[in-house]
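Survey of secondary and tertiary structure
One-letter residues, chain by chain:
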Amino acid sequence: MADGALQAALDFTDDDLVANRAGRLSPTQQVRMTKAQGQGQVGNIVAVILFMVIIAVIAFFVLPPLFAPQPANSSAAPPGIIILVVVVVVGIIGLSFLRTRRKLRGVSGAVFSTEGEAKGNVKATGNVDQMGMMMMYRIKVGSVTFAVSRADQVAAFHDGARYRAYYVKGTLPILISAEPL
């Protein structure tokens, strides 16, 4: 039987915890992970399409005037430099896209665990005056730090108490369940 506050905050059941102890995802958790993978892939596709539109605008509207003869005292950047910058940016975004897809595919169902003292961390980032404030929630159990999305997830862990946390590997470790030791 798991701790009720942890179950509510992390949204897992006793059956999920039993499967996690055995090193696998429960069917419910597998469905949730598959849905998250699909959402991540849709986000990647939208980002790539948006980037392709930006590249097309640069190629068809920004570069052609630069290839026209320029006065001798023009301060316009040479077209070769602009093309080089675009190629480098395309390469970086392409590698990032491939890395993210590979990490999402890595969320297979193998469940890992870590044990140790819990330490919660809530941090505000951004500029308060400009309403650009964002909260970051982190929980560290043993040597693994998890990014979580809500304050109640951090509050469900008691700082200094020992826990076993179950997670799957992704771009960041994804916390799926936990139990006090």
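Calculation notes
Residues numbered from 1 in each chain as written. Predicted model: local features only at pLDDT ≥ 70, side-chain atom pairs only at ≥ 80, totals over all residues. Heavy atoms only, no water. Helix = DSSP H or I, 4+ residues; strand = E, 2+ residues; numbered from the N terminus. Buried < 20%, exposed > 50% of the residue type's maximum accessible area, 1.4 Å probe, protein only. Areas by Shrake-Rupley, 256 points an atom, 1.4 Å probe, with all protein chains shown as cover. Salt bridge = Lys/Arg side-chain N within 4 Å of Asp/Glu carboxyl O. Pairing = 2+ DSSP bridges. Axes fitted to C-alpha atoms, helices over the stretch in contact; angles between N-to-C directions. pLDDT = per-residue confidence, 0-100. Core = buried A, V, L, I, M, F, W, Y, C linked by side-chain atoms within 4.5 Å. Contact = heavy atoms within 4.5 Å.

1. With respect to the overall build of the protein
From N to C terminus, the protein includes five helices and five strands. Secondary structure elements of the protein, listed N to C terminal, follow the sequence α-α-α-α-β-β-β-α-β-β. Out of the 181 residues in the protein, the part that is buried amounts to 28%. Put simply, the protein shows about 11300 Å² of open surface, and 64% of that area lies on carbon and sulfur atoms.

2. Quick notes on the pattern of salt bridges
Taken as a whole and assessed by the stated rule, the structure comprises six salt bridges. In this structure, the salt-bridge partner of Arg32 is Asp11, at a minimum N-O distance of 3.6 Å. A residue pair is termed long-range when its members are at least 10 positions apart, and Arg32 in helix α3 (residues 27-67) and Asp11 in the loop between α1 (4-10) and α2 (14-21) qualify at 21 residues. Arg21 serves as the salt-bridge partner of Glu179, at 2.4 Å between the closest nitrogen and oxygen. Here Arg21 lies in helix α2 and Glu179 lies in strand β5 (residues 174-180), a separation of 158 residues in the sequence. By relative accessible area, Glu179 is classed as buried at 8%.

3. Some remarks on the sheet that holds strand β2 (residues 134-141)
In spatial order, the strands read β3-β2-β1-β4-β5; together these five strands make up an open sheet with antiparallel pairing. At either margin of the open sheet sits one strand with a lone partner, and together these are β3 (144-148) and β5. On average, each strand axis in the sheet is tilted by 40° relative to the strand beside it, whichever way the strands run. As defined by bridge partners, strand β1 (residues 112-125) adjoins β2 across eight bridges and the pair is classed as antiparallel.

4. Some words on the confidence of the model for the protein
On average, residues of the protein score 81 in pLDDT, and 80% of them reach the 70 mark or higher. The lowest-confidence element of the protein is helix α4 (residues 79-105), averaging 73 in pLDDT; the highest-confidence one is strand β4 (residues 162-168), averaging 94.

5. Points about the nonpolar core
Counting residues in each nonpolar core, the largest one holds 26 residues, and the members touching the most others are Leu6, Val141, Phe157 and Leu175. With residues near it in sequence (within four places) discarded, Leu6 still touches Asp11, Phe12, Ala156, Phe157, Tyr163, Ala178, Glu179 and Pro180.

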